[in-house]
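Read off the chains here:
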Amino acid sequence: MACGETPPTATAVPPTEPPTIPPTLATQLPDLEIGSYTVTYDDCPWGGPGTVSVSVDNFGVGDAGPFEVTINNSTTNVDSLGSLGETTASINFDAGPVAGVNAEADSAQQVVEVDETNNSYSIVFTPPPPCPTPTP
């Protein structure tokens, strides 16, 4: 720079802010929730294998693309779920008794939703009593 020239001025760069979802778009998003559960044993005794299933509801007005559902630390995939739709996600277990269900819809955060805080479901219960011994 030559003597008497004005030095260039720096332009401030605004800080990066997380993107926000415009209100009109938010009303078009899915909203995934766990609705209910079932535990089914293949046969007695309750210590045997079986299946845990949960219903997954989409209470949003937007369709949800593919997403994962985690049930008791096992993961299964759902291809898609339309607006106001319901589907069932299931996992198998090798031995029971099952003493609770911990489930999370969209556990890998694959779907942008209206509400990300309502995806989890947890219940602890007493397993059923042992099966009756057959009489000879």
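Above this text sits the structure in question.
All of the points below concern the structure found in this document. (Residues numbered from 1 in each chain as written. Predicted model: local features only at pLDDT ≥ 70, side-chain atom pairs only at ≥ 80, totals over all residues. Heavy atoms only, no water.)

Counting its secondary structure elements, the protein contains one helix and seven strands. Each helix (α) and strand (β) of the protein, taken in turn from the N terminus, gives the series α-β-β-β-β-β-β-β. Burial analysis of the protein (136 residues in total) assigns 31% to the buried set. Contacts in the protein between residues far apart in sequence, at least 24 positions, make up 64% of those at least 6 positions apart. Of the roughly 8800 Å² that the protein leaves accessible, carbon and sulfur atoms contribute 56%. (Helix = DSSP H or I, 4+ residues; strand = E, 2+ residues; numbered from the N terminus. Buried < 20%, exposed > 50% of the residue type's maximum accessible area, 1.4 Å probe, protein only. Contact = heavy atoms within 4.5 Å. Areas by Shrake-Rupley, 256 points an atom, 1.4 Å probe, with all protein chains shown as cover.)

Here we take up unusual backbone geometry. Backbone phi values are negative for most residues with the exception of glycine, while trans is the configuration of most peptide bonds. The residue after Gly-96, namely Pro-97, is reached through a cis peptide bond having omega 0 degrees. With respect to the helices and strands, the residue Pro-97 is situated in the loop between β5 (86-93) and β6 (100-105). Of note, the phi angle at Asn-73 is positive, near 70 degrees, even though the residue is not glycine. With respect to the helices, strands and loops of the structure, Asn-73 is situated in the loop between β3 (67-71) and β4 (74-78). A relative accessible area of 78% means that Asn-73 is categorised as exposed. You will see that Leu-84, though not glycine, has its phi angle at about 60 degrees, which is positive.

Further remarks concern the sheet that holds β3. The four strands are arranged β4-β3-β6-β7 in an open sheet whose pairing can be described as antiparallel. Two strands bound the open sheet, and with one partner strand each, they are β4 and β7 (120-124). Put simply, the sheet's adjacent strands are angled 15 degrees from each other on average, direction ignored. Sheet topology note: the β3/β4 ladder contains five bridges and is antiparallel. (Pairing = 2+ DSSP bridges. Axes fitted to C-alpha atoms, helices over the stretch in contact; angles between N-to-C directions.)

A few words now on the packing of aromatic side chains. Under the definition given, this model contains three aromatic pairs. Ring centres of Tyr-37 and Tyr-121 lie 6.1 Å apart, and the angle between their planes is 45 degrees; this geometry places the pair in the tilted category. You can see Tyr-37 sitting in strand β1 (residues 32-41) and its partner Tyr-121 sitting in strand β7, a full 84 residues away along the chain. Following the ring pairs from residue to residue traces out a cluster consisting of Tyr-37, Tyr-121 and Phe-125. (Phe/Tyr/Trp six-rings, centres within 6.5 Å; stacked < 30°, edge-to-face > 60°.)

Before going further, it helps to spend a moment on the pairing of β6. Two strands pair when backbone bridges link them, and β3 and β6 are joined in this way by three bridges, in the antiparallel orientation. Bridge assignment links Ile-71 to a residue of β6, and that residue is Ala-103. Here β6 runs beside β7; their pairing, made up of five bridges, is antiparallel. For Gly-100, the partnering residue across the bridge sits in β7 and is Val-124.

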